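Spelled out, the chains give:
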Amino acid sequence: MTKRFLAAAALALLSSTVSASATDIGATFATACPFGDCAAGISLSYLGEFVIPTGHIENGVEFGGISGLDFDVATGHYIAISDDRSERGPARFYELDVDLDASGLKGVSVVKQVTLKDKNGEPFAARSVDPESIRLGKDGIYWGSEGDGKALLAPFVRVASPDGSFVREFKLPEGFAPTADKSTGIRDNLAFEDLAIAPSGDVFVGVEAALYQDGPKSSLTSGSLSRIVRYDGATGEPKAQYVYPVSPIPQAAMKVDGSNDNGMSEMLALDDHRLLAVERSYAQGFGNSIEMMMMDLTDATDVSAIASLAKNDQRVVPARKSQVLDLRAIGLVPDNIEAMSLGKAKDGTDLLILGSDNNFSTSQKTQFYAFKVLNRPQQ
């Protein structure tokens, strides 16, 4: 992280108040004043975990790769996107029923499977798309593809109808398309992971780690400057861009030369300027570390006119962020969490649901965590 960001990106990470072990249903976790702002207080109560093992088959296709999740008020169900690149089956999303009450999370089952279509109305060809995020918008299902840096396949955000058909596409800002010389654009597998829709209808899209021109990806000693694009949801036109400072990798690999990483794997809008973000880290031999952050964009600089954050001399204020939950710190053993949604139980209880991408690996699992939302930020 460059020096001009150090003061602005300093974190006020307030510890959660923990009432019991996270393995106990009803354990509560509260951050009363993120950023010192008590109107932004959030508190959650743990409702349990449910796992769908790798290899589970639905409609003749392997279930897994859950990378985005959102709640449908009309049905009381959730939509969940798979990041299968049309290799095991057509690119697709699911409708899920989450069985949950005050006694805890009892199950997650597939109600329906829907094939996503390209602009020609056909299922996507193998490796032509990498679905990573999904939200329900005012005029359809908003979803994002990460693209493919190696194949020079640009990321995108599109709107689909409920049957998966193409409706429209958002405009990709300058500087995001991949380049062969890696001078600018997305890094492979570190691109459009995050999608959130504000109450106003504005759409936020985030990259997992810095664009090449903006600096390095996270290391054990330094963080990464991810961009968040703010779109007008009605037109698909970019309105602004902000900097989200991804933290350094929190855990070293457990063996020499082992791999490790950290990036922003999901966002969720709480209102028009506050969002939750998942920072998902992996260290070989250790596993995943999952930290939930609250960010506030109120005073963040619009950097859409800054071509390179690494070569910029202007003062830039990044999004403020404050940790509100560390899943390992509260006693959980998270997998590869990439999906997050607010929702409601059948009794009207406000919920926060997290889901994991199992990478279709037998050493991983599709994991869901549920929390009751006891308190959330006030306008």
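For the structure itself, consult the block above.
So, here's what we can say about the structure. Nothing here was measured: the structure is a model prediction, and the numbers come from that model.

A few words on the pairing of strand 3 (residues 42-53). Examined bridge by bridge, strand 2 (residues 28-31) and strand 3 share four bridges and lie antiparallel to one another. Note that in strand 3 the partner of Thr-28 across the bridge is Ser-45. With 10 bridges joining them, strand 3 and strand 24 (residues 365-375) adopt antiparallel strand pairing. The residue of strand 24 that forms the bridge with Gly-48 is Ala-370.

Let us now look at the packing of aromatic side chains. This structure, assessed with the given rule, holds nine aromatic pairs. Residues Phe-63 and Tyr-94 carry aromatic rings whose centres are separated by 4.7 Å and whose planes lie at 55° to one another, so their mutual orientation is tilted. Of the two residues, Phe-63 sits in the loop between strand 5 (61-62) and strand 6 (66-72) while Tyr-94 sits in strand 8 (residues 92-101), which places them 31 residues apart along the sequence. The pair formed by Phe-63 and Tyr-94 is uniform in burial state, with each residue classed as buried. When the centroid spacing of 5.7 Å and the interplanar angle of 80° are considered together, the rings of Phe-124 and Trp-143 count as edge-to-face. Pair noted here: Phe-124 is in the loop between strand 9 (104-115) and strand 10 (131-137) and Trp-143 is in strand 11 (residues 140-145), with a separation of 19 residues, a long-range link. One aromatic cluster in this structure is built from Tyr-46, Tyr-369 and Phe-371. Just above the ring of Phe-156 sits the side chain of Arg-158; from NZ or CZ to the centre is 3.9 Å.

About the thresholds
Residues numbered from 1 in each chain as written. Predicted model: local features only at pLDDT ≥ 70, side-chain atom pairs only at ≥ 80, totals over all residues. Heavy atoms only, no water. Pairing = 2+ DSSP bridges. Helix = DSSP H or I, 4+ residues; strand = E, 2+ residues; numbered from the N terminus. Phe/Tyr/Trp six-rings, centres within 6.5 Å; stacked < 30°, edge-to-face > 60°. Buried < 20%, exposed > 50% of the residue type's maximum accessible area, 1.4 Å probe, protein only. Lys NZ or Arg CZ within 6 Å of the ring centre and 35° of its normal.

Nothing here speaks to function; it is geometry throughout.
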